[in-house]
Amino acid sequence: MLTNRIINIIALITLVALLTIHYFVEIWWGWYIVIVLIFVTVKIYGSTHLSANFFVQSKCKGTTGIAITFDDGPIAEKTDRILNILQKHQTKATFFCIGSRVIAHPQLVEKIHKHGHLIGNHSYLHGKGFDLQPSAFMQQEIQLTDAAIEKVVGIRPRFFRPPFGVMNPALAKAITTTHHTTVGWSIRSFDTLIKKEEKLFNRVTKNLKAGDIILFHDYSETTIAILPRVIKHIEEIGLKIVSLEELLNENAYV
Ligand SMILES: [Zn+2]
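Residues numbered from 1 in each chain as written. Predicted model: local features only at pLDDT ≥ 70, side-chain atom pairs only at ≥ 80, totals over all residues.

Chemist: Which residues make up the overall build of the chain, and what are the values?
Modeler: What the chain contains, in helices and strands, is 10 helices and eight strands. Taken along its principal axes, the extent of the C-alpha atoms in the chain is 75 × 40 × 30 Å. Here the contacts in the chain between residues at least 6 apart in sequence split such that 78% fall between residues at least 24 apart. (Helix = DSSP H or I, 4+ residues; strand = E, 2+ residues; numbered from the N terminus. Contact = placed C-beta atoms within 7 Å.)

Okay, structure coming up:
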């Protein structure tokens with residue numbers, strides 16, 4: 001919240017200074033709009049860039065290894081195929097699961113856990129209006145998802161990834177209350193939009209370096225298609241795929 005507070009203070013001081021100057025001399029009224037526009041732009045940037053640590057501290061990178069993460073599952077006919085690929089290549093990943101989908105597919109969550117992968121919290125419904133909800137609603141979504149995961153595998157996640165990667169004061173408050181660690185990414189695959197395998201492979205691998213966290217989605221057929229190549233490529237360039245726990249040096253469960 002520190003960055004957000006600093007921006008609020010700077011905006012307030014600037015506005016008061018402008019009003020004071022305006023009291024003594026005539027100034028262009030557009031300066032007020034310029035200040036508001038800068039303020040809004042900075043806020044939007046802070047909300048959409050977790051690594052800016054604008055509202056809450058987020059972990060988006062480590063120092064060694066590469067961590068692979070999948071959001072929005074578990075999904076029938078998809079997550080299972082990802083698990084098979086990971087097993088074939090003896091690779092571990094983290095699945096940020098949606099609570100309602102955990103309830104719908106407990107057997108997949110069990111399989112994720114049994115195969116040695118980590119499970120994180122990715123809200124209960126992942127609704128489009130999530131970021132407009134009050135803090136208490138968000139807190140409830142996070143806690144319901146924790147409970148759903150705990151019911152299936154007996155462990156409570158510490159890692160939370162915000163739906164759509166968006167942060168705001170209400171969500172920051174909810175996360176602070178539930179004591180989760182916010183986890184972002186450093187390589188966003190955009191596999192929800194990119195349908196061409198070559199394009200997706202190049203986007204994910206072109207700037208890959210030690211400490212990166214890759215963001216994929218369970219439901220992307222393109223991701224499923226390129227996953228074996230991505231795993232091989234990481235090995236070929238001398239990097240090691242590690243668990244998110246190892247990469248962040250933090251326990252995934254409470
Ligand atoms: Zn998501």
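Chemist: Break down the domain arrangement of the chain for me, with residues and values.
Modeler: The domain boundaries assigned to the chain delineate domain 1 (2-48) and domain 2 (58-248). The gap between the C-alpha centroids of domain 1 and domain 2 is 37 Å. (Domains from an automatic or database assignment.)

Chemist: Explain unusual backbone geometry residue by residue, including any values.
Modeler: Residues Gly 73 and Pro 74 are joined by a peptide bond in cis, for which omega reads 0 degrees. Looking at where Pro 74 falls in the secondary structure, it is placed in the loop between strand 2 (67-73) and helix 3 (79-88). Its identity as a non-glycine residue notwithstanding, Asn 53 has a phi of 50 degrees, on the positive side. Examined against the element boundaries, Asn 53 turns out to sit in the loop between helix 2 (30-48) and strand 1 (58-59). Using a count of 19 C-beta atoms within 10 Å as the deciding quantity, one classes Asn 53 as partly exposed. Positioned with a positive phi, Asn 249 is a non-glycine residue whose angle comes to about 55 degrees. (Buried ≥ 20, exposed ≤ 12 C-beta atoms within 10 Å, placed from the backbone.)

Chemist: Describe helix 5 (residues 106-114), listing the residues and the values that go with them.
Modeler: Looking only at helix 5, the buried set comprises Leu 108, Val 109 and Ile 112. Angular distribution of buried residues about the axis of helix 5 spans 100 degrees; they occupy a single face of the element. Along helix 5, the residues that are exposed and aim more than 90 degrees away from the buried face are Gln 107 and Lys 114. Its buried side turned inward, helix 5 meets helix 3, strand 3 (94-97), helix 4 (99-104), strand 4 (118-121) and helix 6 (135-153). One or two steps after helix 5, the chain reaches Gly 116, where phi turns positive at roughly 90 degrees. (Arc of directions from axis to C-beta.)

Chemist: Can you tell me about the packing of helix 5 against helix 6, naming the residues and giving the values?
Modeler: As a packed pair, helix 5 and helix 6 sit with axes 9 Å apart at the nearest point and diverge in direction by 70 degrees. In this view, helix 5 runs roughly perpendicular relative to helix 6, as classed from their interaxial angle. Note on element contacts: helix 6 touches helix 5 through Ile 149, Val 152 and Val 153, opposite Pro 106, Val 109, Glu 110 and His 113. In terms of residue class, the contact of helix 5 with helix 6 is built from five nonpolar, one polar and one charged. (Axes fitted to C-alpha atoms, helices over the stretch in contact; angles between N-to-C directions. Parallel < 35°, antiparallel > 145°, perpendicular 65-115°, else oblique. Nonpolar A, V, L, I, M, F, W, Y, C, P; charged D, E, K, R; others polar.)

Chemist: So, the pairing of strand 2: which residues are in play, and what are the values?
Modeler: Extensive coverage of strand 2 is indicated by the burial of seven of its seven residues. Pairing geometry for strand 2 and strand 8 (residues 213-217), over five bridges, is parallel. Pairing of Thr 69 across the sheet is with Leu 215, part of strand 8. The pairing of strand 2 with strand 3 spans four bridges and is parallel. By the bridge assignment for strand 3, Asp 71 is matched with Phe 96. Traced from strand 2 through helix 3 to strand 3, the parallel crossover comes out right-handed. (Pairing = 2+ DSSP bridges. Right-handed = clockwise from strand over helix to strand, strands pointing away.)

Chemist: Now, about the environment of Leu 12: what can you tell me, with residues and values included?
Modeler: By the secondary structure assignment, Leu 12 is in helix 1 (residues 2-24). With 11 C-beta atoms counted inside 10 Å, the residue Leu 12 sits in the exposed group. It is 38 Å that separates the C-alpha atoms of Leu 12 and Asp 71, two residues lying 59 residues apart in sequence.

Chemist: Let's hear about the nonpolar core: which residues, and what values?
Modeler: Grouped together as the largest cluster of nonpolar side chains are 56 residues, with contacts concentrated most on Cys 97, Val 109, Ile 213, Ile 214 and Leu 244. Residues within four places of Leu 244 in sequence aside, it is in contact with Ala 67, Thr 69, Thr 94, Leu 118, Phe 159, Val 183 and Ala 252. (Core = buried A, V, L, I, M, F, W, Y, C linked by C-beta atoms within 7 Å.)

Chemist: Explain the packing of helix 8 (residues 197-205) against helix 9 (residues 221-236) to me, using residue names and the numbers behind them.
Modeler: Axis angle and axis distance: for two packed helices, these are the angle between their axes and the distance between the axes, and together they describe the pair. At a minimum axis distance of 10 Å, the contact between helix 8 and helix 9 shows a crossing angle of 45 degrees. Taken together, the axes of helix 8 and helix 9 lie oblique to each other. Note that helix 8 runs across helix 9; the crossing there is right-handed. Contacts between helix 8 and helix 9 involve Glu 197, Leu 200, Phe 201, Val 204 and Thr 205 from the first element and Thr 222, Thr 223, Ala 225, Ile 226, Arg 229, Val 230 and His 233 from the second. Split into classes, the residues belonging to the contact of helix 8 with helix 9 amount to six nonpolar, four polar and two charged. (Left-handed = near helix turned anticlockwise from the far one by under 90°.)

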